[in-house]
Amino acid sequence: MKLTVNKEYKLRHLFAAAVFAAAGCWFFRDGLSAWPRENEKWRNDPANAAYVALWDAGKTPQDAPPVQRPPYPPQKIRGQIFFGIALCGIAAFVVLMLAAESMKSLEWDPGTGTMKGSLTGGKTLDFRNVEKLDLSKWRGKRVARVVMADGRKIKLDAWHHAGAAELVRHLRDTLHIESED
């Protein structure tokens, strides 16, 4: 048997990343395309020629009526680009964290009584070397820690990985490993 990324966990995180990326792209669209186009329309309107000259000379007051200044000041456009970068960065972070969870591996064989994978450092560990099972976070968070005789700890998270609950049940119920609740 082996751990695999929990489908629900994966889909929720991919959905969240897609929402952040879509929002970031919308901010980029406004800051890089739509708002500069609106400002260009204002600038090219012959009725605004005098206002454009005053704006370019820096003589337009901050509280000037909207027709006397561009619809979107440069700091607002920069703000849109900043938020686009931030939201797309969050999306990338979520995807990277999901990828990191996806790379974690653990396979176990009840027949041979061993487990091996990235969570064991690539070493084959014998179930006989499991000292105890920390289930203090199992009921609330579905997180267990397998404590080996050499002090090594293996974190099993059933929200992140399908198969974690089966391994916990095997260690607790079949092998009767001492557990702390």
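Residues numbered from 1 in each chain as written. Predicted model: local features only at pLDDT ≥ 70, side-chain atom pairs only at ≥ 80, totals over all residues. Heavy atoms only, no water.

Focus: the overall build of the protein
Okay, step 1: Helices and strands together make up the secondary structure of the protein, namely five helices and nine strands.
Okay, step 2: The N-to-C order of helical and strand elements in the protein reads β-α-α-α-β-β-β-β-α-β-β-β-α-β.
Okay, step 3: The C-alpha radius of gyration of the protein comes to 28 Å, more than 25% above the 16 Å expected for a compact globule of 181 residues.
Okay, step 4: Considering the protein as a whole, with its 181 residues, one finds that 33% of them fall into the buried category.
Okay, step 5: Across the protein, every contact between residues at least 6 apart in sequence was considered, and the portion connecting residues at least 24 apart equals 57%.
Okay, step 6: Averaging the coordinates of the 27 positive side-chain charges in the protein and doing the same for the 20 negative ones gives two points 3 Å apart. (Helix = DSSP H or I, 4+ residues; strand = E, 2+ residues; numbered from the N terminus. Rg over C-alpha atoms; globule rule 2.2 N^0.38 Å. Buried < 20%, exposed > 50% of the residue type's maximum accessible area, 1.4 Å probe, protein only. Contact = heavy atoms within 4.5 Å. Lys, Arg positive; Asp, Glu negative; His and termini not counted. Charge placed at Lys NZ, Arg CZ, Asp CG, Glu CD.)

Remarks on the sheet that holds strand β5 (residues 130-137)
Okay, step 1: Reading across from one edge, β7-β6-β5-β9 is the order of the four strands in this open sheet, with mixed pairing throughout. With partners counted over all chains shown, the strands left at the sheet margins are β7 (153-157) and β9 (179-180), one partner each.
Okay, step 2: Pairing between β5 and β9: two bridges, direction parallel. Within β9, the position partnered with L133 by the bridge is S179.
Okay, step 3: Those strands touched by helix α5 (residues 164-174) are β5, β6 (143-148), β7 and β9, and its axis lies near 125° from that of β5. (Pairing = 2+ DSSP bridges. Axes fitted to C-alpha atoms, helices over the stretch in contact; angles between N-to-C directions.)

What about helix α1 (residues 7-44)?
Okay, step 1: With 38 residues, α1 extends 53 Å from end C-alpha to end C-alpha; this agrees with the ideal 56 Å at 1.5 Å per step.
Okay, step 2: At D30, α1 shows its largest bend, some 45°.
Okay, step 3: If you follow the buried residues of α1, they end up packed against β1 (4-5), α2 (49-56) and α3 (74-103).
Okay, step 4: Of the residues flanking the start of α1, the one acting as N-cap is N6, its side-chain oxygen 3.2 Å from the backbone nitrogen of E8. (Expected span 1.5 Å × (residues − 1). Bend = angle between axes of the 7 residues up to and from the residue. Polar contact = N/O pair within 3.5 Å; in protein donor to acceptor, adjacent residues only side chain to side chain.)

Re the nonpolar core
For soluble globular proteins, nonpolar side chains are generally found buried alongside one another.
Okay, step 1: With 22 residues, the main nonpolar core has M115, V146, L156 and L171 as its most contacted residues.
Okay, step 2: Contributing elements (two or more residues each) for this core: β5, β6, β7 and α5.
Okay, step 3: Among the elements that make up this core, the one with the highest residue count is α5 (five residues).
Okay, step 4: When residues no more than four places from it in sequence are discounted, the contact partners of M115 are L106, E107, W108, T120, K123, T124, L125, F127, V130, V146, M148 and I154. (Core = buried A, V, L, I, M, F, W, Y, C linked by side-chain atoms within 4.5 Å.)

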